[in-house]
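Coordinate inspection notes
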Amino acid sequence: MGGPRTLPISSGRLRLAVGSPDRPLLGRAVCGTIQQFWLIASLILGPPLGAIGATIRRPGPAGLLASLVVPIGASLSMILLPPPDSTAGHVLTWTVWCTAAIFSALVVVRGTRQNLVHSPSETTSTRPSTT
């Protein structure tokens, strides 16, 4: 007989722990404008970024450009949404830019080496067959 009483107590504790949009937890709304912004951004940018990510392993310029999306995006993020103006913010900005530059250079070197290895002149033979 204790079953019906446990459900309201459990849901009440859950509501107290999590909060609700009409009853904010600790003076803050649970679903704010920042969460809504990132939800909309992920719904809009998720499918195109997934399609770009699927082309990373392709040989040639398509794979090379797809591999550069992440470092370019990280650099743009530091420009469009910079961290706070502090010592830690400056260190973070320089770390992201240097990492993106190094990664981009490695991707370009790898891409040009793969293009040289897989060049069409090496795969086709000009000698007549002996059969």
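Placed above this text is the structure.
These remarks concern the structure in this document. Note that the structure is a prediction, hence the values are computed from the model and not measured.

1. Some details on the overall build of the chain
Within the chain, the regular secondary structure consists of 6 helices and 0 strands. Start at the N end of the chain and walk to the C end: the helices and strands fall as α-α-α-α-α-α. When each of the 131 residues of the chain is scored for burial, the buried share is 16%. Put simply, 36% of the contacts in the chain that link residues at least 6 apart link residues at least 24 apart. For the chain, the exposed area adds up to about 10900 Å²; of that, 70% sits on carbon and sulfur atoms.

2. Quick look at the environment of G89
The topology assignment puts G89 in helix α5 (residues 87–117). Sequence separation between G89 and M78 is 11 residues, and the spatial gap between their C-alpha atoms is 9.9 Å. Not counting chain neighbours up to four residues away, the residues in contact with G89 comprise P83 and P84.

3. Notes on the packing of aromatic side chains
Under the counting rule described, the total for this entry stands at 2 aromatic pairs. Between the aromatic rings of F37 and W38, the centroid separation amounts to 5.0 Å while the plane-to-plane angle is 75°, which identifies the pairing as edge-to-face. What makes F37 partly exposed here is its relative accessible area of 48%. Aromatic pair W94 and W97: ring centres 5.6 Å apart, planes at 80°, arrangement edge-to-face.

4. Considering a nonpolar patch on the surface
Side chains of I34, F37, W38, I72, L76, I79, L80, L81, W94 and W97 sit close together on the surface and give an oily, nonpolar patch of about 1100 Å² of accessible area. Taken together, the elements giving at least two residues each to the nonpolar patch come down to α2 (33–54), α4 (69–80) and α5. The element that contributes the greatest number of residues to the nonpolar patch is α4, accounting for 4 residues. Along the chain, L81 falls in the loop between α4 and α5. On the accessibility criterion, L81 (51% relative accessible area) is exposed.

5. Describing the layout of surface pockets
When its volume is computed, the largest pocket comes out at roughly 290 Å³. Taken together, F37, W38, A41, S42, L45, L49, V69, V70, G73, A74 and L81 make up the full set of residues lining the largest pocket. If you tally residues by element for the lining of the largest pocket, the top one is α2, at 6 residues. Class assignment for the residues of the lining of the largest pocket results in 9 nonpolar, 2 polar and no charged.

6. Brief notes about the side chain of S104
Summarising the element assignment, S104 is placed in helix α5. On the basis of relative accessible area, S104 is assigned to the buried category, the value being 18%. A distance of 2.7 Å separates a polar atom in the side chain of S104 from the backbone oxygen of A100. S104 has contacts with L68 and P71, leaving out every residue within four places of it along the chain.

The rules behind each value
- Residues numbered from 1 in each chain as written.
- Predicted model: local features only at pLDDT ≥ 70, side-chain atom pairs only at ≥ 80, totals over all residues.
- Heavy atoms only, no water.
- Helix = DSSP H or I, 4+ residues; strand = E, 2+ residues; numbered from the N terminus.
- Buried < 20%, exposed > 50% of the residue type's maximum accessible area, 1.4 Å probe, protein only.
- Contact = heavy atoms within 4.5 Å.
- Areas by Shrake-Rupley, 256 points an atom, 1.4 Å probe, with all protein chains shown as cover.
- Phe/Tyr/Trp six-rings, centres within 6.5 Å; stacked < 30°, edge-to-face > 60°.
- Patch = residues over 30% accessible without salt bridge, like charges linked within 9 Å, V, L, I, M, F, W, Y side chains within 5 Å.
- Salt bridge = Lys/Arg side-chain N within 4 Å of Asp/Glu carboxyl O.
- 1 Å grid on protein atoms, 1.4 Å probe; cavity = no way out; pocket = protein on both sides within 12 Å on 5 of 7 lines; lining within 4 Å.
- Points joined across faces, edges and corners; volume = space filled by probe spheres on them.
- Nonpolar A, V, L, I, M, F, W, Y, C, P; charged D, E, K, R; others polar.
- Polar contact = N/O pair within 3.5 Å; in protein donor to acceptor, adjacent residues only side chain to side chain.

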